[in-house]
Amino acid sequence: MNQSNSPFTVADYLKTRLEQIGVEQMFGVAGNYTAALLDTILADNHSPITISGNANEICAGFAADAYARLKGPTALYVTYSVGAFSLLNTIAGSYVEQVPVILINGAPTNKEDQTSKRAGLLYSHTTGYEFVDIHMFKPITVASERITNAKQAPYQIDSALTAMLTEKRPVYLEVTEDVWRSQCDKPVSELTSGENANLTVSEAKNAAKATVELMLSRPKSIFWAGVELQRYKLQDEFLTLLDEINQNHVLNEGDIHFVTSAMSKSVISELHPQFEGCVTLSPDEVNQLIGTDGVMVGLGAWTTGKDTGNQDIRSERTVLAAHGGVYVGANYYPSVDLKDFLHCLLLEFTAVRERNNQLQGLRLTAPPRAFSATPNSALGYDTFFSTISQFITTDDVLVVDAGFPLIGAQSVKIPAQDGFVAQASWLSIGYSVPAGTGIKCALPDKRAIVVVGDGAFHETCQAVADQHAYGQNTVVFVLANGIYGIEQYIVNPNPFRKPPVDYADPLLDKVYSYNDLPQWQIANITQAFGGEGRKVSTQEQLLSVMEEIRTKTQCNFVVEVEIPKTDSPASISQEANTAVGEDEIANPNWPPANKF
C-alpha cells in the first residue's frame, strides 16, 4: 500500500484507476518488466484486485475475455514482445466481439532503449525497433499508449481507459520498466465513460417512431435479441419493453416473441415463455419466421457470418439497431444509443396502448426441438448435445468452441441469462477451455461447462492446469473425433454426406490426412494437470459420468467423449447434402454423374 509519506508513482496511479473502474481480476504471465505494478498491488492488503497467473499468455487472454464478457473490465499483464505477441489473437477477438480488456505490457527501460539505438546492443525480448509492440496492437484496440514519461503517464492512462469504458473494447498500455516507480500526480477525479457524448436523443426518438410505424404497418413482428444487450447490460430494459407489449396486449392478436443467434445465445434466459429459439437468421429463415410481410427488429444484434449465414439481411422489413445507429428499412439514423432507443420504443408502445390502437401481433409456432435418446446408444454430436441439454442447469454456464461444437450447441436450451459463452464471430479454436477459467473467476457461484473439439483442445489444454490450480470445479467435455471436422467440411463435405458421393477421385471420398489429429489419451491429461479424467463412448457412460460430476461439486473434470470420425451435427449433415466444397468445384470431374 502506498503510504502517505511515500512518493505516488505511475504504478500507484494505474492501480488506483484499475480499482476505480471495477477491475477485480488480472490474468497473465509474470515478467520483470511488469513486476513493479504487480508488487504495488500485492503490497496493498486492501486492494480488491486478485492477480492470477496462467499457463501461458493465450490461456490468460481467453480467460480475461470470457471474464470481461460476464463481469466487466479486466486486465492482462505480460512482458515485452515474447509475451505480448502471443496475445495478438486473443485481443483481436476481444476487439471484434466488443469485450473490455486492458492489456498491460511492460517494456525495457528508456536507458536500455537508448543503448540499443546507439550501441547496436539488443536486450532480451527486443527486435531493435522500439515501436514494434504498440504498432502491432494499434489496429485491434480502441486506444494504445506507449508510456515513457511519468509526467505524461496520468493523461495517457486516463485517455486509454476512458476509450475502453466508452467503446467496451480492448486498450493497450505499454510502460517502460523505469517509469513504473517514477513519481507522478495523483488522480484528480474518477473516470467517466464518454458513451453518450456524441449521441442524440432526438435521433433515438425518430428511429423508435419509424420502427413502431413499420411494425404497425405489417401483420407480424419478432424481436432479435442481440449481443449488445449483454455488453451494455440492457437485458432488463429489453424485458421491460417485452412486458409492456405483451402484458398490456399492445399487439392485439398475440404476443411478440424473440429469437437469439449464435453471438447472443442466452443474453435472455431461454426458459422465457416468449423465447422462440437460437437461430441462424439467413434470408430463408427470416422468411420462415415472419413471412414476406412481417418485420424483424434486431436490438443490439450484429449481422456476423454465424448469425446470418454470411449474408446481408437488411431489407424493407428489418430494423437493425447496433453499433451506435439504427437501420429502419432503408433509412439510417446515426448516433443513436441503444439504451435511448429501447427507452424511446417503450414510450412509443406505451403511447400506442394509451391511444388504444389495435396492433396485429405474432405468435410463432415453431416446434420445439425434440431429441430421442437411448442410454446404450453410441455417441455422436446430436446424442451428446441432447444429453447435455438435460444436464445444464441455471447454476451452469456453457461455453463452447468454434466449429462443430458451436453449431451443435445451438439446439441446447440455456436456462440461465448469460448462461452461454462462445466466440461466435472471431472463431479462434481453443478459446473455450481458458474461457472456462475466466467464467468461474467472474461468477464463482456458477460452474463452467466447456464443450470443445479435440483439435481446439490441443491448442489450449494447459488451461486445465490453471483451473485445478485455482481450485475451480470446471468441467471440460472434449468431443474427440480425431480430425479438424469443420476445416474438412468447408473444403470438402463429402465424407459427412449420408451417403457420400462416389467420386472417381478417391481423395474426395475421405477425410484429408492433413485434417487428422495426433491421437492423445485425453482423459489421462489430468494426471499431469490435476482433476478427474474420464473417457466415454456410449450415452449410458456419459450419463453415468454426468451423475458423478454432480456429486463431486468441488472437482474439475476432463471428459473425453469419443465421436465417430465422420459424424457431424444434424444441421451440418443436412446441409452437406446440398453444400459444395471448395475442392469439389475445382475438380475437373465436377459435377459427378450421380450428383446428389
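No experiment lies behind these values; they were computed from the predicted model shown.

A. Structural view of the UniProt feature "binding site: Mg(2+)" (unreviewed entry) in the protein. When the UniProt feature table is mapped onto this chain numbering, "binding site: Mg(2+)" (unreviewed entry) sits at Asp454 and Asn481. In three dimensions, the annotated residues from a span of 28 residues occupy one location, with a maximal C-alpha spread of 7.1 Å. Along the chain, Asp454 turns up in helix H17 (residues 454-460). Judged by relative accessible area, Asp454 falls into the buried class, the value being 5%. Sequence-distant contacts of Asp454, that is, excluding residues within four places in its chain, are made with Val478, Leu479, Ala480, Asn481, Gly482, Ile483, Leu517 and Ile522. For Asn481, a relative accessible area of 7% puts it in the buried group. Apart from residues no more than four positions distant in its own chain, Asn481 is found in contact with Tyr381, Asp454, Ile563, Pro564 and Lys565.

B. Geometry of the pairing of strand E14 (residues 396-400). Extensive coverage of E14 is indicated by the burial of five of its five residues. By the alternation rule, side chains of E14 split into Asp396, Leu398 and Val400 and Val397 and Val399, which are all buried. In terms of strand pairing, E14 meets strand E16 (residues 447-453) through five bridges, oriented parallel. Directly across from Val399, in E16, lies its bridge partner Val450. Sheet topology places E14 next to strand E15 (residues 420-422); three bridges connect them, and they run parallel. Opposite Leu398, over in E15, you have Phe420 as the bridge partner.

C. Inspection of the pattern of salt bridges at higher detail. Evaluation of the coordinates by the stated rule reveals 19 salt bridges. The salt bridge involving Lys565 is made with Asp516; its shortest N-O contact spans 3.1 Å. Here Lys565 is found in the loop between strand E19 (557-562) and helix H22 (570-576), whereas its partner Asp516 is found in the loop between helix H19 (485-491) and helix H20 (526-529), with 49 residues between them in sequence. Lys565 gets classed as partly exposed once you look at its relative accessible area, which sits at 39%.

D. Structural context of the side chain of Glu244. Take Glu244: it is sitting in helix H10 (residues 235-247). At a separation of 2.7 Å, a polar atom in the side chain of Glu244 contacts the side chain of Arg353.

E. Representation of the sheet that holds strand E13 (residues 331-333) in the model. Across the sheet, seven strands lie side by side as E9-E8-E7-E10-E11-E12-E13; this open sheet has mixed pairing. The open sheet terminates on both sides in strands that have one partner only, identified here as strand E9 (275-278) and E13. Each adjacent strand pair in this sheet contributes to an overall mean axis angle of 15°, direction not counted. In terms of strand pairing, strand E12 (residues 325-328) meets E13 through three bridges, oriented antiparallel. Counted as the bridge partner of Tyr327 is Tyr332 from E13. Helix H11 (residues 283-290) rests against strand E7 (220-225), strand E8 (257-260) and strand E10 (294-299) of the sheet, and its axis sits at about 115° to E10.

F. Representation of the packing of aromatic side chains within the structure. Applying the stated criterion across every chain yields a total of 15 aromatic pairs. For the pair Phe8 and Tyr13, a centre-to-centre distance of 6.5 Å together with 80° between the ring planes defines the contact as edge-to-face. Taking 6.1 Å as the distance between ring centres and 90° as the angle between the ring planes, the aromatic pair formed by Phe391 and Phe477 counts as edge-to-face. Here Phe391 is found in helix H14 (residues 381-391), whereas its partner Phe477 is found in strand E17 (residues 475-480), with 86 residues between them in sequence. By relative accessible area, Phe391 is classed as buried at 7%. Here Phe477 falls in the buried class, since its relative accessible area comes to 0%. Here the aromatic cluster, defined as three or more aromatic residues joined through ring pairs, consists of Phe223, Phe238, Phe258 and Phe275. Seen from the ring of Phe391, Arg550 lies directly overhead, with NZ or CZ sitting 3.9 Å from the centre.

G. Representation of the nonpolar core within the structure. Core analysis: the biggest nonpolar cluster contains 46 residues, and Leu76 and Phe457 have the highest contact counts within it. The greatest single-element share of this core, amounting to nine residues, is contributed by helix H3 (residues 57-71). Both of domain 1 (10-176) and domain 3 (381-482 + 517-565) provide at least three residues apiece to this core. Excluding residues that lie within four positions of it along the chain, Phe457 makes contacts with Val433, Val452, Val464, Val476, Val478, Trp520, Ile522, Ile525 and Val558. Core analysis: the second largest hydrophobic core is formed by 45 residues, Ile392, Val400, Ile486 and Ile549 among them.

Definitions and cut-offs
- Residues numbered from 1 in each chain as written.
- Predicted model: local features only at pLDDT ≥ 70, side-chain atom pairs only at ≥ 80, totals over all residues.
- Heavy atoms only, no water.
- UniProt positions renumbered as here; feature names shortened; annotations may be inferred.
- Helix = DSSP H or I, 4+ residues; strand = E, 2+ residues; numbered from the N terminus.
- Buried < 20%, exposed > 50% of the residue type's maximum accessible area, 1.4 Å probe, protein only.
- Contact = heavy atoms within 4.5 Å.
- Pairing = 2+ DSSP bridges.
- Salt bridge = Lys/Arg side-chain N within 4 Å of Asp/Glu carboxyl O.
- Polar contact = N/O pair within 3.5 Å; in protein donor to acceptor, adjacent residues only side chain to side chain.
- Axes fitted to C-alpha atoms, helices over the stretch in contact; angles between N-to-C directions.
- Phe/Tyr/Trp six-rings, centres within 6.5 Å; stacked < 30°, edge-to-face > 60°.
- Lys NZ or Arg CZ within 6 Å of the ring centre and 35° of its normal.
- Core = buried A, V, L, I, M, F, W, Y, C linked by side-chain atoms within 4.5 Å.
- Domains from an automatic or database assignment.

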